[in-house]
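# Close look at the chain arrangement
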Protein chains: 2
Amino acid sequence: MDSKALYQISYGLYVVGTKIDGKDAGCVVDAFIQSTSSPVPTVILCSIQANQTNTAIKQTGEFTISVLTKKTDPFVIANFGFQSGRDADKWANVPAKRMGDLPILENAAAWLRCKVTDFKELTTHTVFFCDVTDAMVGEGEVLTYGEYQKNWKGRAQEAFKAFRESGKAPAPAPRWVCSICGYVYDGTIPFEELPEDWKCPICGHPKSVFVKE
Amino acid sequence: MDSKALYQISYGLYVVGTKIDGKDAGCVVDAFIQSTSSPVPTVILCSIQANQTNTAIKQTGEFTISVLTKKTDPFVIANFGFQSGRDADKWANVPAKRMGDLPILENAAAWLRCKVTDFKELTTHTVFFCDVTDAMVGEGEVLTYGEYQKNWKGRAQEAFKAFRESGKAPAPAPRWVCSICGYVYDGTIPFEELPEDWKCPICGHPKSVFVKE
């Protein structure tokens with residue numbers, strides 16, 4: 001058996017948000033699927049037993065999912081994936097907001113709130129069967145695990161090294177907004193590096209009318 | 001609740017191969033994840049109860065998975081996804097081979113053989129818990145469900161319409177092989193349309209030494 005064949009199963013990437021002993025907890029997951037859509041949407045999450053997030057989900061029976069996008073800061077993945085919630089307040093390091101009482105990322109392709117209805121222990125993982133109790137659509141193209149391996153992993157490792165050395169999470173990239181029409185710049189070239197004759201693609205006003213938020 | 005948020009869960013695309021009453025059966029699935037890797041790799045398949053493939057898996061307790069790639073003929077998806085095995089011998093329409101006694105596609109990124117150890121019924125789907133009992137790596141970049149929606153779906157619909165009208169499955173695209181070094185052409189431009197001065201990228205011999213297989 002060539003177990004590399006298992007690497008060809010394709011996944012998205014998600015940040016789980018939950019609580020343990022009243023404090024926010026979370027981690028990065030990939031094994032997450034929709035299981036049925038009616039009468040209510042249900043999903044399955046497969047989570048490592050050794051993780052604090054696993055204990056947290058069992059304690060409260062609820063969690064959120066933030067769907068990562070191709071614009072997700074690689075540090076977000078490092079923050080939730082490269083350290084344990086036993087040592088770090090992960091949610092304090094990233095731009096976060098709330099879905100009810102649980103944490104979610106500020107920028108995501110979508111957010112789901114899931115309520116555990118049943119679970120099954122495997123050797124190393126727990127399979128959680130859940131009803132989706134809330135769902136919101138965000139912005140951005142979803143990131144796949146394959147793309148993470150190809151383009152994000154090295155950047156996540158670098159970002160985490162810098163974080164360990166400085167003890168400071170990177171500041172989220174500023175948003176540049178057109179003060180005339182409200183267009184939010186979302187190109188891949190940093191806004192500062194755009195040519196001086198660049199114009200707002202919506203209202204045509206010059207670069208100088210953009211403000212940093 | 002905005003149920004479009006569920007569309008942001010990312011999947012691969014797979015053809016299931018199984019048997020019912022001694023005959024080959026199968027369908028296309030997306031909800032398939034690895035659940036643990038030790039002591040043996042285990043996977044979870046979520047399959048629609050109404051499908052013949054679901055009954056087939058319950059009958060034999062085994063199935064194969066062929067992982068679709070960016071070179072998969074859209075007809076393959078139409079063949080396994082747009083018709084029921086109750087009306088058609090799906091495996092007769094596509095280039096197939098065997099993994100033990102079960103059918104698999106000839107071209108795939110990987111193949112897995114899975115043995116059901118437990119299952120759970122949801123409202124519309126069955127969740128199958130499986131041990132992976134055999135695994136082989138193939139070739140090609142894996143296709144995601146998002147890419148299928150974007151680039152394959154229309155082509156699959158067209159291919160299926162042609163199949164319904166002619167009653168004939170499309171012949172698989174020929175392979176062009178360099179008779180000098182054995183290189184198999186795998187570019188996106190059809191081989192016939194390459195310029196006459198095109199050369200084998202491995203041994204540098206001209207286009208004319210290539211043979212159709």
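Here the structure is shown first, and the text comes after it.
Quick look at the structure, then. Note that the coordinates shown come from a computational prediction; the quantities given were computed from them, not determined experimentally.

Residues and elements named next belong to chain A. Along the chain, T72 turns up in the loop between β5 (62–67) and α2 (74–81). Polar side-chain contacts of T72 include one of 2.8 Å to the backbone nitrogen of T69. Not counting residues up to four positions away in its chain, the partners in contact with T72 are I77 and W152.

Residues and elements named next belong to chain A. Reading across the sheet, the seven strands line up as β2-β1-β5-β8-β9-β4-β3 and stay open at both edges, with antiparallel pairing between neighbours. At either end of the open sheet lies a strand with only one pairing partner, and these are β2 (23–29) and β3 (32–36). Direction aside, the axes of adjacent strands within the sheet are offset by 35° on average. Pairing analysis gives four bridges linking strand β1 (residues 14–20) to β5, with the strands arranged antiparallel. Looking at β5, one finds that V16 is bridged to I65. Each of β1, β2, β4 (42–48), β5, β8 (110–121) and β9 (125–137) touches helix α1 (residues 52–60); the most contacted strand, β1, lies at about 60° to it. Of the strands in this sheet, β1 and β2 are in contact with α2, which crosses β2 at around 110°.

Among the nonpolar cores identified, the biggest contains 62 residues, and F32, I65 and L112 of chain A together with F32, I65 and L112 of chain B are the most heavily contacted of them. Once you skip the residues sitting within four places of it in the chain, I65 of chain B turns out to touch Y14, V15, V16, V29, F32, A110, W111, L112 and C114 of chain B.

All names here are of chain A. One pass over the structure, following the stated rule, counts 31 aromatic pairs over all chains. Their ring planes at 90° and their centres at 6.4 Å tell us that Y11 and Y145 sit as a pair that is edge-to-face. Placement of the pair is Y11 in the segment before β1 and Y145 in helix α3 (residues 145–166), with a sequence separation of 134 residues. On the accessibility criterion, Y11 (7% relative accessible area) is buried.

Residue and element names in this part refer to chain A. Taking the largest bend as the criterion, α3 deviates by roughly 60°, centred on W152. In the core, the buried residues of α3 are packed alongside α2. G167 lies just past α3 and shows a positive phi near 70°.

Okay, the relation of the copies chain B and chain A next. A rotation about an axis combined with a shift along that same axis relates the two copies of the chain. With an RMSD of 0.2 Å, the operation that places chain B on chain A is a rotation of 180° combined with a shift of 0.1 Å along the axis. Accordingly, the operation relating the two chain copies is best matched by a two-fold axis. In terms of C-alpha distance to the rotation axis, chain B has Y11 of chain B as its closest residue, with the C-alpha 2.7 Å off the axis. Both copies present the same face, since 100% of the interface residues in chain B are matched by interface residues at the equivalent positions in chain A.

Residues and elements named next belong to chain B. One open sheet holds the seven strands; their spatial order is β2-β1-β5-β8-β9-β4-β3, and the pairing between them is antiparallel. Strands with a single pairing partner mark the edges of an open sheet, and in this sheet they are β2 (23–29) and β3 (32–36). Neighbour-to-neighbour, the strand axes of this sheet turn through a mean angle of 35°, independent of strand direction. Alignment of β3 against strand β4 (residues 42–48), held across four bridges, turns out to be antiparallel. Considered in β4, the bridge of T36 is made with T42. Across the sheet, helix α1 (residues 52–60) touches β1 (14–20), β2, β4, β5 (62–67), β8 (110–121) and β9 (125–137), and the angle it forms with β1 is around 60°. Where helix α2 (residues 74–81) meets the sheet, its contacts fall on β1 and β2, and the angle it forms with β2 comes to roughly 110°.

As a further point, take the pairing of strand β7 (residues 102–105) of chain A. Residue and element names in this part refer to chain A. Here β7 shows two buried faces, one formed by L102 and I104 and the other by P103 and L105. Taken together, the four bridges between strand β6 (residues 96–99) and β7 define a ladder with antiparallel strand orientation. Opposite M99, over in β7, you have L102 as the bridge partner.

Residues and elements named next belong to chain B. Alignment of β4 against β9, held across seven bridges, turns out to be antiparallel. Across the sheet, the residue bridging to T42 is D131, located in β9. Here β8 runs beside β9; their pairing, made up of eleven bridges, is antiparallel. Its bridge partner being in β9, R113 is matched across the sheet by D134.

Attention shifts here to the pattern of salt bridges. Side chains carrying opposite charge are able to pair once their charged atoms draw close together. In total, this model carries 22 salt bridges over all chains according to the counting rule given. One salt bridge connects K120 of chain B with D118 of chain A, and the closest N-O pair in it is separated by 2.6 Å. Here the residue K120 of chain B occupies a position in strand β8, and D118 of chain A occupies one in strand β8, the pair thus bridging two chains. Residue classification places K120 of chain B among the partly exposed residues on the basis of a relative accessible area of 24%. With its nearest N and O atoms 3.1 Å apart, the salt bridge here joins D24 of chain B to K19 of chain B. D24 of chain B sits in the partly exposed class, given a relative accessible area of 22%. Exposure remark for K19 of chain B: the relative accessible area of 17% places this residue in the buried category. Overlapping salt bridges, with partners in common, bring together K19, D24 and R98 of chain A in one network.

The rules behind these values
- Residues numbered from 1 in each chain as written.
- Chains lettered and ligands numbered in written order.
- Predicted model: local features only at pLDDT ≥ 70, side-chain atom pairs only at ≥ 80, totals over all residues.
- Heavy atoms only, no water.
- Helix = DSSP H or I, 4+ residues; strand = E, 2+ residues; numbered from the N terminus.
- Polar contact = N/O pair within 3.5 Å; in protein donor to acceptor, adjacent residues only side chain to side chain.
- Contact = heavy atoms within 4.5 Å.
- Pairing = 2+ DSSP bridges.
- Axes fitted to C-alpha atoms, helices over the stretch in contact; angles between N-to-C directions.
- Core = buried A, V, L, I, M, F, W, Y, C linked by side-chain atoms within 4.5 Å.
- Buried < 20%, exposed > 50% of the residue type's maximum accessible area, 1.4 Å probe, protein only.
- Phe/Tyr/Trp six-rings, centres within 6.5 Å; stacked < 30°, edge-to-face > 60°.
- Bend = angle between axes of the 7 residues up to and from the residue.
- Least-squares fit on C-alpha atoms with pLDDT ≥ 70 in both.
- Salt bridge = Lys/Arg side-chain N within 4 Å of Asp/Glu carboxyl O.

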